[in-house]
Amino acid sequence: MRKRLTQAQVGAVCGCSASAVSRIESGKLSLDHSSLMRFAAFLEIPSDRICASAVPDIVNVASALTAMVGRVGV
C-alpha cells in the first residue's frame, strides 16, 4: 500500500503532528493505545493483530507509515 502522503497528511488523519509522525517512523516516539488504534485503522491493520502481539505490530505500523509517506517529509 503506497499512497505517497506527506507526514502532515498522515498526522491530520491520525490526529497528531507531522513531527510526531516522523518520530514514530524513526522509532523515537511510542504510541499510546488510542493512537495505535487510529494508525492501525488508517493503515488497515486489523485491531486483533495489534492486540494479540503488540510489539511486532508497532513495528509494522511504523514500517507501513514509512512506506506510505515515503519519507517525503513535511
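Residues numbered from 1 in each chain as written. Predicted model: local features only at pLDDT ≥ 70, side-chain atom pairs only at ≥ 80, totals over all residues. Heavy atoms only, no water.

Caption draft 1: Quick peek at the overall build of the protein. Scanning the protein for helices and strands turns up 5 helices and 0 strands. Listed by position from the N terminus, the elements making up the protein come as α-α-α-α-α. Long-range pairs, those at least 24 residues apart, make up 54% of the contacts in the protein between residues at least 6 apart in sequence. For the protein, the computed accessible surface area is about 4,100 Å², with 57% contributed by carbon and sulfur atoms. (Helix = DSSP H or I, 4+ residues; strand = E, 2+ residues; numbered from the N terminus. Contact = heavy atoms within 4.5 Å. Areas by Shrake-Rupley, 256 points an atom, 1.4 Å probe, with all protein chains shown as cover.)

Caption draft 2: Seen up close, the packing of helix α1 (residues 7-14) against helix α3 (residues 33-42). Following both chains from N to C, one finds α1 and α3 inclined at 115°, their axes separated by 9 Å at the closest point. As for the relative orientation of α1 and α3, their crossing is right-handed in sense. Where α1 abuts α3, its residues Val-10, Val-13 and Cys-14 lie against Arg-38, Phe-39 and Phe-42. By residue class, the composition of the contact of α1 with α3 is 5 nonpolar, no polar and 1 charged. (Axes fitted to C-alpha atoms, helices over the stretch in contact; angles between N-to-C directions. Left-handed = near helix turned anticlockwise from the far one by under 90°. Nonpolar A, V, L, I, M, F, W, Y, C, P; charged D, E, K, R; others polar.)

Caption draft 3: Summary view of the state of the cysteines. On inspection of all chains with the given rule, the structure shows 0 disulfides. Unpaired in terms of disulfides, Cys-16 finds its nearest cysteine sulfur in Cys-14, a separation of 6.2 Å. (Disulfide = S-S within 2.5 Å.)

Caption draft 4: A look at helix α2 (residues 18-25). Turning to α2, its buried residues number three or more, namely Ala-18, Ala-20, Val-21, Ile-24 and Glu-25. Taken around the axis of α2, the buried residues stretch over an arc of 160°, which confines them to a single face. Just downstream of α2, Gly-27 is the residue with a positive phi angle, here 80°. (Buried < 20%, exposed > 50% of the residue type's maximum accessible area, 1.4 Å probe, protein only. Arc of directions from axis to C-beta.)

Caption draft 5: Representation of the packing of α1 against α2 within the structure. Here α1 crosses α2 at 100°, and the two axes come no closer than 7 Å. Judged by the angle between their axes, α1 and α2 are roughly perpendicular. Residues Gln-7, Ala-8, Val-10 and Gly-11 of α1 touch α2, and the partners they reach there are Ala-18, Val-21, Ser-22 and Glu-25. Here the residues of the contact of α1 with α2 are counted per class, giving 4 nonpolar, 3 polar and 1 charged. (Parallel < 35°, antiparallel > 145°, perpendicular 65-115°, else oblique.)

Caption draft 6: Seen up close, the nonpolar core. Among the nonpolar cores identified, the biggest contains 10 residues, and these are Leu-5, Val-10, Cys-14, Val-21, Ile-24, Phe-39, Ala-40, Phe-42, Leu-43 and Ile-45. In terms of residue count, α3 provides more of this core than any other element does, 3 residues in total. (Core = buried A, V, L, I, M, F, W, Y, C linked by side-chain atoms within 4.5 Å.)

Caption draft 7: Seen up close, the environment of Ser-17. Position of Ser-17 relative to the elements: it lies in the loop between α1 and α2. Sequence separation between Ser-17 and Gln-7 is 10 residues, and the spatial gap between their C-alpha atoms is 7.9 Å. Here Ser-19 takes part through its side chain, which lies 3.0 Å from a polar atom of the side chain of Ser-17. (Polar contact = N/O pair within 3.5 Å; in protein donor to acceptor, adjacent residues only side chain to side chain.)

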